[in-house]
Every structure is written in C-alpha cells, then in structure tokens.
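Each chain, letter by letter, is given below.
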Amino acid sequence: MFAYYLDLALRSLKRNKVLTALMVLAIAVGIGASMTTLTVMHLLSGDPLPGRSGQIFYPQVDPYPTPDPRHQPWDMMDYRSATDLWSAHRADRQALVTGSALRLTAPGVNLPPLMVQMLATTSDFFPMFRVPFRYGNAWTAQDDASRARVVVISDALNRKLFGGANSVGRTLRLKDTDVRIVGVLAPWRPSPQFYDVAGGRFAGGDTSAFYSKPEDVFAPFASALEINDGGFQPFTCWQPPEEGVKLQNAPCVWVALWVQLDSAAKVADYRRFLAGYAQQQKALGRFAQADNTRMPGLMAWLDFNHVVPSDVRLQSWLALAFLLICLFNMVGLLLAKFLRRAGEIGVRRALGASHRAIFAQCLVEAGLIGLLGGVGGWLLTLVGLWLVRSQPVEYADLVHLDLSMFALTFVLAVAASLLAGLLPALRAARVAPALQLKAG
Amino acid sequence: MHPVLSALKHHKTTVVLVVLEIALTCAMVTNALFLIGDRLAAMHVPTGVADNELVWARTTGLDLGQGTALGADEAADMAALRAIPGVESVAEANSLPLSRNYLSVAAWRQPGDKHSLVDNVVEYAGTPGVMDTLGIRLSKGRDFLAQEYVPYRPNLIGSGPRTPPPTVAIVTRTLAESLWPGKDPLGKTFWLDSDGKEPVQVIGVADHLLNPSINKYQGADRNMFLPVTKVTGGVYVLRVRPDRRAAVKRAIPGVLQKVDPARMVQAEIYTDTIADYYHGDRAMVWLLLVVTGCLLALTALGVVGLSSFWVQQRTRQIGIRRAIGATRRDILRYFQLENLLIVSLGIVLGSAGAVGMNLWLMRHYELTHMPLAWLVSGAVALWLLGQLAVLGPALRAAAVPPVVATRSV
C-alpha cells in the first residue's frame with residue numbers, strides 16, 4: 001500500500017511542478033536556517049567534558065574584607081585563598097589555574113620571538129580534564145613543589161616550532177628562563193574553553209572569547225609565577241595595591257581553583273571544608289563574610305556565566321520562528337493542493353478507499369515533500385555553516401555538522417512536513433464521494 | 001453581511017491559516033527591521049576621532065612594557081615613526097575608541113566621600129600632542145599645556161612607586177552630565193584614585209569620544225582624557241594622510257624593528273579596527289536582512305498559492321456573477337478587498353505579537369522600546385505585499401468569461 005501511495009504522491013508532485021518546487025524550497029530554507037543555528041547552538045552549549053563534568057566543581061570564597069551583606073564572591077580567588085585550599089588537597093584532584101601572556105623563543109629554531117598565552121596550573125589539571133597527550137607526559141606533583149622549569153606545549157605550537165616532531169626534552173626560552181618540554185598535547189579543543197571561564201556576567205552577551213583555543217604553553221603554577229613575574233593581570237582588585245607589591249600579596253583576585261569530587265559524600269564534605277576555611281579566615285580577620293562560599297558544578301558555572309553568546313541565542317530563536325512561518329505557509333499550500341484534487345479523491349472514495357487510506361495517502365505526499373525539503377535543507381545547512389566558519393569569531397573552527405545533527409536535519413524536515421500535512425490531510429479525508437462525483 | 005465576509009466564512013480554516021501566517025510574519029519583520037535599525041544606528045555613532053587619518057601600532061617584545069628602560073626606547077620609536085613619509089604627527093595613547101582595551105576607574109564629586117562617586121568611568125591617557133593627533137574636537141575649554149603632562153602610570157601592579165594623577169583632564173559631555181547634571185563643567189574639580197583624594201580640574205569638554213568598548217557598565221562615551229608623559233602598554237597613534245595609510249602601515253614593523261629588533265610589532269589602519277569592532281553587528285544585520293527578505297517572499301508565495309486556489313475553486317461563481325452583470329473591475333476589486341481584509345486582520349494580530357516580541361527581546365537583549373513608526377512601516381509593507389501577491393490571481397479571476405457559468409466544469 002505504501003508503495004502505491006508513494007507512486008500517487010510522485011505523480012501528484014509531478015503534476016504541478018512549480019507548486020511542488022515552492023513547497024520544497026520553503027521547507028528547505030526553513031530547515032537550512034534552523035539547522036545552521038541549532039548546530040552552532042549545539043556546539044556552543046554542549047558539555048566540554050562529557051562523562052566527567054558532573055564531578056568537576058568550582059569553589060569560591062569571598063575575600064572582601066569589608067562587611068557587606070549584599071556582596072557576592074568574585075569570579076576568581078585571591079592568591080592566598082586559592083593556594084590554601086589547593087594545598088589542603090581535600091578533593092580527589094585539584095588544580096590552580098591562571099593565565100598570562102609572555103614572550104617565547106625557541107633556541108635553534110629560525111623563527112622570530114612569539115607572544116604566547118601561558119597557563120599556570122598544577123599537575124592534576126591534565127588527568128582531571130582528560131587532556132590528551134601526543135608525546136611525553138604531564139609534569140609531576142614533585143615538579144609543582146620544586147618549581148621545576150618544565151612545560152607542556154600544545155599540538156599547534158609543536159607544529160609551528162618543530163613541525164610536529166617529538167620535541168620532548170627540547171628547550172624553550174620563556175621570557176628570560178630556559179624551560180624543558182616534558183609533554184606535547186594531542187589536538188585538544190574543548191568547547192567552551194571551560195577552565196578559563198569567568199566574568200561572563202559582565203560581558204554584555206559578547207562571550208565568544210570563551211570559545212578561543214586553549215593556551216599554547218602549560219607550566220607548573222609556582223614556576224610560571226616566577227618565570228613571568230609581573231606579567232599576570234588581576235581579574236579585579238578591591239582596592240588599589242600598595243607601591244611595589246607583588247600580585248601574590250595584592251588585594252586582588254586572579255587565580256581559579258578547580259576540584260574533582262567523585263561522590264556526593266565527597267561534595268558535601270568539600271562544601272563543609274570550604275565553609276570551615278571561610279570561618280577560620282574570618283576569625284583571622286582576613287574575610288568579612290564567612291558564609292559567602294559557593295561551589296557550582298562545571299555546567300552550573302558555565303550557565304552562570306552565560307557562555308553561549310547572546311547573538312547566537314537570538315539567531316536560534318529567529319530561525320525557529322522562521323521555520324514556524326515556513327510551516328504555516330506549507331499548511332496553506334498543501335490544503336490548496338489536496339483540495340484541488342477533491343474530484344480525484346471523490347473517485348477514490350467512491351471506489352472504496354477509506355477515510356484512513358486517503359489520510360495516509362496525503363501524509364505520504366507531505367512526507368515526501370519533507371524528505372525532498374530535507375535534502376535541500378541539508379545543502380543549505382552546509383552553506384550556512386560554511387558562512388559561519390568564514391566569520392572571524394573564536395568558535396569558527398569548531399563549527400561542523402556532526403552525525404547527530406545531520407540525522408536531525410532529515411528528522412526535523414519530515415516531522416515538520418508531516419505536522420504541516422496533518423490538517424490538510426484530515427480535510428481531504430473528509431471529502432464526500434457523492435458530492436464530488438456529481439460536480440464532476 | 002457583505003458578500004466578501006460571507007464568502008470567507010466558508011473557508012474558515014484557510015483564512016485562519018493565512019491570517020496567522022501574516023500575523024507571524026508581521027511580528028517577525030517589524031522586530032527584525034527594528035533590530036536592523038538599532039544595530040545600524042549603533043554602528044554609525046561617530047567615534048570622536050579622525051577615523052580616516054589614523055594608523056596605530058603596538059609593540060610587544062619589551063616584555064609588555066613591564067619596566068625595562070621605557071623612556072629612551074619610546075622616544076626613539078616615536079622619532080622613527082615621525083620620519084615615515086606621510087605621517088603628520090605621532091603620540092602615545094593607552095587605548096583608542098572601539099579598540100576593546102579599556103581601563104575603568106571611579107570619579108568622586110567630593111574628596112573621600114564614597115556616596116559621591118561615579119563608578120565605571122573610562123580613563124584615556126595620552127602623551128603630548130595626543131588631542132591633535134587623534135583629532136578630538138573640544139566644544140569648550142582648551143587642550144593640555146606642555147607642563148600639564150606628568151609621569152602618571154594608572155593601575156599597574158608591582159611596578160615601582162605610584163605617582164599622583166595629572167591635575168587637569170578633558171571630559172566628555174556625558175561624564176560632565178553625570179558628575180554635575182545641568183551645570184557648566186569647565187573649571188570644576190573632581191577627585192581620582194582609590195580614596196578619591198587626588199583633585200583633577202576640568203579644562204576642556206568634548207562632545208563626542210566613544211569608549212574603547214560599548215557596554216552597559218561603562219556606557220557609550222562616559223570618559224575622561226588625562227595628560228601623561230608615558231603610556232605603559234599602550235599604542236602609538238599616527239595621524240597620516242588618508243592616501244598614505246596602507247603604505248605607513250606596511251612601513252611600521254621595519255621602522256620599529258630597526259630601533260629594537262627583539263620584538264613583535266602589530267600595526268593597523270584605524271578604520272579596520274572600527275570595522276572589526278562592529279563585525280558581529282554587521283553579520284547580524286545581513287542575517288536579519290536575508291531572513292526578512294525570505295519571510296516576505298515566503299508569505300507572498302503563500303498568498304499567491306491560496307488566492308489562485310480560491311480563484312480556481314470559485315470559477316463557476318465568478319462566471320455567474322459576470323453573467324448577471326458584474327464587470328471585470330468588480331471581480332478584481334472583490335479579490336483585492338478580500339485580500340485587504342485578511343491582511344488587515346493579520347496585521348492587527350501581528351502588531352500585538354510584534355509588541356509582545358519586542359517586550360520579550362527587551363527583557364533578554366538590552367533593546368529599547370520599539371517606536372510606533374516601525375509598526376506602521378511593517379503594516380504598510382505587508383499591505384503592499386498582500387496587494388501585489390493577489391494581483392496576479394485576481395487578474396486571472398477577472399479574465400474568467402461569463403460563459404463559464406453555463407458550462408459544467
């Protein structure tokens with residue numbers, strides 16, 4: 001029966017080629033626009049650490065020394081709070097994180113000096129965030145403690161400097177310090193670059209910078225602070241620092257702490273530990289707000305920072321509304337198309353076709369239009385994504401159509417046209433056989 | 001009841017569909033047009049500097065200007081830059097309008113009185129000649145005098161002794177209004193620094209000077225300009241003959257590396273900086289234009305499709321009307337009137353939808369109220385579109401000969 005309906009649908013579509021083409025085009029444009037924006041949304045709002053993000057937390061304390069009940073913790077921590085919490089080692093894994101830019105030269109490589117981003121972090125960073133290595137390994141906890149002059153570099157930097165060869169053991173010069181490469185990462189492109197996310201509330205929706213590439217150089221926290229002394233910038237300061245004071249002692253926040261907690265009990269324990277730390281610091285007179293501690297999970301932290309740029313959200317809404325209008329349009333056109341054939345339907349009814357059979361036949365035709373529209377929509381989605389990729393935005397290189405979105409293109413197209421075909425098909429199925437035969 | 005209305009009652013479903021489609025299109029198109037207008041207006045606000053005559057350069061190699069022998073190098077750099085043919089003047093500034101890189105401070109109306117402070121004021125700083133180089137026009141007061149430039153280095157941590165800020169400043173009208181609403185700011189004093197203890201006198205007022213970044217905290221142009229002898233981590237700004245900009249930009253890296261080879265130089269034509277700042281807005285405007293165009297085309301096609309269907313369905317009735325005396329013009333008018341009714345109904349619903357959508361957008365996207373003019377222009381556009389779309393089918397209807405009435409289809 002389905003084959004027969006398909007045959008009927010094909011004949012019907014061929015009969016009025018212009019109308020068919022218009023309907024297919026309408027679906028294709030609607031699907032193309034929706035899938036382009038939905039794909040970008042899907043890529044930007046996804047989980048950067050699938051399977052691990054549930055165990056990752058972002059502890060916050062409030063080092064503001066002035067009592068103020070409305071005060072919220074800043075998005076980063078001061079050096080002392082962060083290092084105190086880190087050295088307690090109460091979590092399954094913990095990593096300090098702070099970024100800075102500095103000059104890099106590679107002895108023996110014929111390239112001018114580069115300005116690179118360096119992430120100062122601790123050894124747990126790599127296993128905690130499942131960072132993949134191509135050559136060598138992360139540094140060890142001993143390297144953290146002994147301020148070893150070692151670094152891990154990105155795949156991109158390794159390609160630029162050493163043509164992608166195994167560069168473990170080679171020396172780089174960071175500012176004025178020689179460091180030894182102990183590890184080279186495999187290509188690693190989390191979306192967003194979650195561990196650096198902070199201050200999203202203040203970005204006014206312009207958050208595409210959260211999707212930039214990871215740093216090129218990773219160095220042990222204490223070593224990095226010495227190597228690039230004076231090169232770190234505060235996130236904010238609650239009062240201007242005294243003359244000549246180092247950032248480590250300044251009234252500024254600029255270090256983030258990430259922890260991994262493998263069970264609910266450990267999460268509760270860590271929350272208590274954090275509260276206890278704040279109490280203790282209040283007793284010491286360093287904090288004014290002892291109960292102002294927070295510990296959002298990774299995904300909650302990303303939400304709090306509104307990581308998905310507001311323009312991308314707006315575009316998604318726009319595209320969905322657009323698809324809706326395409327559907328209304330299609331309902332109208334299908335209605336016209338089906339009812340125009342009232343005579344033919346009347347004959348089929350008179351020959352014994354049931355309501356249900358006419359209904360099914362009409363839906364098959366609508367579904368066929370949807371499928372054709374899906375092919376067009378898929379091509380338009382590829383064009384749309386190519387356009388997004390050619391934009392100078394940080395997430396441009398992330399944009400591609402993955403298998404799930406490819407499948408969704410067709411599912412959405414067929415589902416949308418079946419939905420649009422529902423009402424016209426019902427109306428067509430109601431055509432009374434006798435009346436049409438008489439009129440004809 | 002008018003025959004148009006009673007005829008429509010026989011096609012309730014289709015009428016409702018077209019009305020809804022037109023309403024949705026109306027709501028979307030008016031809001032899209034409003035968004036386009038909003039972004040275009042934002043993009044055309046004057047920066048307050050001589051956009052078409054500026055080239056800037058940043059050098060990063062002296063360890064981001066973290067304290068190594070700055071003075072000598074900078075003087076040599078500036079002399080070398082001035083020698084490039086086509087360069088009229090050179091100065092240093094900590095930032096430029098729309099360059100995204102800003103420093104924001106608090107200004108105090110009363111010394112040390114926390115209740116008097118105006119927060120999130122952008123602080124520009126520049127070296128001698130900076131006002132003329134940038135081409136900032138003052139609507140009141142005067143430029144800085146040579147002796148007013150002082151060695152002030154704002155907001156640097158761990159960089160040696162802090163020095164008090166300059167004692168004079170040029171402020172924008174917007175900053176003046178938030179400090180002293182409705183008063184003449186010239187000669188007035190405000191206070192700077194963490195405790196608000198350093199007095200600064202206003203010697204000039206600029207009507208326009210955009211911030212490095214426009215956002216809801218710092219606003220668009222609430223800023224002050226301070227005279228300094230050195231800018232740490234800033235940019236060299238070159239006032240250049242417009243036709244020489246590309247050549248100067250190409251020459252800068254070589255010229256600066258001749259002074260000190262161990263560094264990287266970035267040079268950019270200022271209009272490119274502006275274009276880069278508005279890139280997202282431009283992309284959005286194009287997108288909205290394409291979407292609006294597609295929507296209108298789609299709706300028009302929908303109207304054409306349905307009207308043709310109706311004309312075909314009513315061929316006999318048209319024939320009968322023609323046979324009993326209706327003119328071609330009457331038939332044409334009939335379909336045009338019918339379309340006008342349907343579209344108007346859609347527009348009424350759509351305008352309500354447009355206002356609702358605007359309110360929703362205002363909540364989520366920092367938009368303003370949509371002026372009524374946008375609704376009106378959206379409505380007019382849809383009326384025209386509807387009439388245009390129905391013209392073809394209506395003409396075909398008018399061409400139906402009266403003899404059809406006597407035939408069985």
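Not measured: the values here are computed from a predicted model.

Colleague: In this structure, what is going on with the overall build of chain B? I would like to understand it.
Modeller: In terms of helices and strands, chain B carries 11 helices and 11 strands. Here chain B has a C-alpha radius of gyration of 32 Å; the compact-globule value for 409 residues is 22 Å, and the former is much larger. The principal-axis extent of the C-alpha atoms belonging to chain B is close to 100 × 50 × 35 Å. The 409 residues of chain B split such that 49% are buried. Of the contacts made within chain B by residues no fewer than 6 positions apart, 79% connect residues no fewer than 24 positions apart. Carbon together with sulfur atoms contributes 61% to the accessible area of chain B, which is approximately 18400 Å² in total.

Colleague: So what exactly am I meant to see when it comes to the packing of helix 2 (residues 17-44) of chain A against helix 13 (residues 403-429) of chain A here?
Modeller: What describes two packed helices is the angle between their axes and the distance between those same axes. All names here are of chain A. Across the interface, helix 2 lies against helix 13 with an axial gap of 10 Å and an inter-helix angle of 140°. When the interaxial angle is binned, helix 2 and helix 13 end up oblique. With respect to the hand of their crossing, helix 2 and helix 13 are arranged in right-handed fashion. Contact with helix 2, carried on its side by Ile27, Ile31, Met35, Leu38, Thr39 and His42, involves Ser404, Met405, Leu408, Thr409, Leu412, Ala413 and Ser417 of helix 13 and no other residues of that element. Class assignment for the residues of the contact of helix 2 with helix 13 results in 8 nonpolar, 5 polar and no charged.

Colleague: I tried to follow the side chain of threonine 59 of chain B on my own but got confused; where do I start?
Modeller: Mapped onto the elements of the fold, threonine 59 of chain B is located in strand 1 (residues 54-60). Contact partners of threonine 59 of chain B, with chain neighbours within four places excluded, come to Asp77, Tyr236, Leu256, Arg263, Met264 and Val265 of chain B.

Colleague: Sorry, what's going on with the domain arrangement of chain A here?
Modeller: Where interface size is quoted, it is often the accessible area lost as the parts come together. Residue and element names in this part refer to chain A. By the assigned domains, chain A splits into domain 1 (2-45 + 310-439) and domain 2 (53-304). Here the C-alpha centroids of domain 1 and domain 2 sit 49 Å apart. In this complex, domain 1 contributes 7 residues to the contact, which on the side of domain 2 involves 9 residues. Both sides of the domain 1 and domain 2 interface together cover about 750 Å² of buried area, and 52% of this is carbon and sulfur. When residues of domain 1 are sorted by the area they lose upon contact with domain 2, Leu44, Glu394 and Leu398 head the list and together hold 56% of the total. Remark: the boundary between domain 1 and domain 2 carries 1 salt bridge. Across the pair arginine 189 and aspartate 397 runs a salt bridge whose closest N-O atoms are separated by 2.7 Å. Among the residues making up the side of domain 1 that touches domain 2, the classes are represented as 4 nonpolar, 1 polar and 2 charged.

Colleague: Whenever I open this one, a nonpolar patch on the surface confuses me. Can you help?
Modeller: Residues and elements named next belong to chain B. There is a patch of nonpolar side chains on the surface, built from Leu5, Leu337, Leu340, Leu341, Leu372, Val376, Val380, Trp383 and Leu384 and spanning about 770 Å² of accessible area. Those elements giving two or more residues to the nonpolar patch turn out to be helix 10 (328-365) and helix 11 (372-398). Element by element, the count of residues in the nonpolar patch is highest for helix 11, at 5 residues. When you line up the elements, valine 380 lands in helix 11.

Colleague: Help me out: how do you make sense of the interface of chain B and chain A in this one?
Modeller: In this complex, chain B contributes 46 residues to the contact, which on the side of chain A involves 50 residues. Between chain B and chain A, roughly 4300 Å² of surface is buried when both sides are summed, and carbon and sulfur atoms account for 71% of that area. Here chain B is connected to chain A by 2 salt bridges. Across the pair arginine 39 of chain B and aspartate 311 of chain A runs a salt bridge, and its minimum N-O distance is 3.0 Å. Seen at the junction of chain B and chain A, the total is 4 residue pairs in polar contact (both at pLDDT 80 or more). For the side of chain B that touches chain A, the secondary structure elements donating two or more residues are helix 2 (12-43), helix 8 (279-313) and helix 10 of chain B.

Colleague: Quick question: what am I supposed to make of the pattern of salt bridges here?
Modeller: Where charged atoms from two side chains of opposite charge approach closely, those side chains can pair. Going through the model one piece at a time under the given rule, you end up with 26 salt bridges over all chains. As a salt-bridge pair, aspartate 92 of chain A and lysine 266 of chain A come within 2.9 Å of each other at their nearest N and O atoms. Note that aspartate 92 of chain A is positioned in the loop between helix 3 (79-88) and strand 2 (93-105) and lysine 266 of chain A in helix 8 (residues 264-283), a separation of 174 residues in sequence. The exposure class of aspartate 92 of chain A is partly exposed, given its relative accessible area of 31%. You can call lysine 266 of chain A partly exposed: its relative accessible area is 34%. Residues arginine 241 of chain B and aspartate 243 of chain B are paired through a salt bridge, measuring 3.3 Å at the closest nitrogen-oxygen approach. Judged by relative accessible area, which is 39%, arginine 241 of chain B ranks as partly exposed.

Colleague: How do you make sense of the packing of aromatic side chains when you look at a structure like this?
Modeller: By convention here, two paired aromatic rings are described through the distance between centres and the angle between planes. All names here are of chain A. Scanning the model with the defined rule gives 36 aromatic pairs over all chains in all. Relative to tryptophan 254, the ring of tyrosine 79 lies with its centre 6.0 Å away and its plane at 10°, an arrangement referred to as stacked. With tyrosine 79 in helix 3 and tryptophan 254 in the loop between strand 10 (252-253) and strand 11 (256-260), this residue pair connects regions lying 175 residues apart in the sequence. Classification of tyrosine 79 as partly exposed rests on a relative accessible area of 25%.

Colleague: Is there a simple way to think about the state of the cysteines in this case?
Modeller: Disulfides are covalent bonds that link the sulfur atoms of two cysteine residues. Tallying each qualifying case throughout the model produces 1 disulfide over all chains. Through a disulfide, cysteine 237 of chain A is tied to cysteine 252 of chain A; the S-S separation comes to 2.1 Å. Around the S-S axis, the bridge from cysteine 237 of chain A to cysteine 252 of chain A shows a dihedral of about 95° and counts as right-handed. Of this pair, cysteine 237 of chain A sits in strand 9 (residues 236-237) while cysteine 252 of chain A sits in strand 10, and the two are 15 residues apart along the sequence. Considering cysteine sulfurs only, cysteine 326 of chain A is the nearest to cysteine 294 of chain B, which forms no disulfide, with 8.2 Å between them.

Colleague: Is there a simple way to think about the domain arrangement of chain B in this case?
Modeller: Its domain assignment divides chain B into domain 1 (3-44 + 279-406) and domain 2 (62-262). Domain 1 of chain B and domain 2 of chain B are separated by 54 Å when their C-alpha centres are compared.

Colleague: Just checking my understanding: could you explain the environment of glutamine 257 of chain B for this structure?
Modeller: All names here are of chain B. Tracing the sequence through the fold places glutamine 257 in helix 6 (residues 245-259). The sequence separation of glutamine 257 and threonine 59 amounts to 198 residues, and the corresponding C-alpha distance is 9.4 Å. Once residues lying within four places of it in the same chain are set aside, the contact partners of glutamine 257 are Arg263, Met264 and Val265.

Colleague: Honestly, empty space enclosed by the protein in this entry has me stumped. Any pointers?
Modeller: One way to see where empty space is left: roll a probe the size of a water molecule over the atoms. Residue and element names in this part refer to chain B. Applying the stated criterion to the full structure yields 4 cavities of 30 Å³ or more. Approximately 100 Å³ is the volume attributed to the largest cavity. As for the largest cavity, its lining consists of Val18, Ile22, Val303, Leu306, Ser307, Trp310, Phe335, Glu338, Asn339, Ile342 and Val390. Those elements that place two or more of their residues in the lining of the largest cavity are helix 2, helix 8 and helix 10. Of the residues contributing to the lining of the largest cavity, the split by class is 8 nonpolar, 2 polar and 1 charged. The space that makes up the second largest cavity amounts to roughly 50 Å³. In this structure, the second largest cavity is lined by Trp56, Arg58, Asn94, Ser95, Leu96, Ser99, Asn101 and Val235.

Thresholds, definitions, all that
Residues numbered from 1 in each chain as written. Chains lettered and ligands numbered in written order. Predicted model: local features only at pLDDT ≥ 70, side-chain atom pairs only at ≥ 80, totals over all residues. Heavy atoms only, no water. Helix = DSSP H or I, 4+ residues; strand = E, 2+ residues; numbered from the N terminus. Rg over C-alpha atoms; globule rule 2.2 N^0.38 Å. Buried < 20%, exposed > 50% of the residue type's maximum accessible area, 1.4 Å probe, protein only. Contact = heavy atoms within 4.5 Å. Areas by Shrake-Rupley, 256 points an atom, 1.4 Å probe, with all protein chains shown as cover. Axes fitted to C-alpha atoms, helices over the stretch in contact; angles between N-to-C directions. Parallel < 35°, antiparallel > 145°, perpendicular 65-115°, else oblique. Left-handed = near helix turned anticlockwise from the far one by under 90°. Nonpolar A, V, L, I, M, F, W, Y, C, P; charged D, E, K, R; others polar. Domains from an automatic or database assignment. Buried area = accessible area lost by both parts, 1.4 Å probe. Salt bridge = Lys/Arg side-chain N within 4 Å of Asp/Glu carboxyl O. Patch = residues over 30% accessible without salt bridge, like charges linked within 9 Å, V, L, I, M, F, W, Y side chains within 5 Å. Polar contact = N/O pair within 3.5 Å; in protein donor to acceptor, adjacent residues only side chain to side chain. Phe/Tyr/Trp six-rings, centres within 6.5 Å; stacked < 30°, edge-to-face > 60°. Disulfide = S-S within 2.5 Å. 1 Å grid on protein atoms, 1.4 Å probe; cavity = no way out; pocket = protein on both sides within 12 Å on 5 of 7 lines; lining within 4 Å. Points joined across faces, edges and corners; volume = space filled by probe spheres on them.

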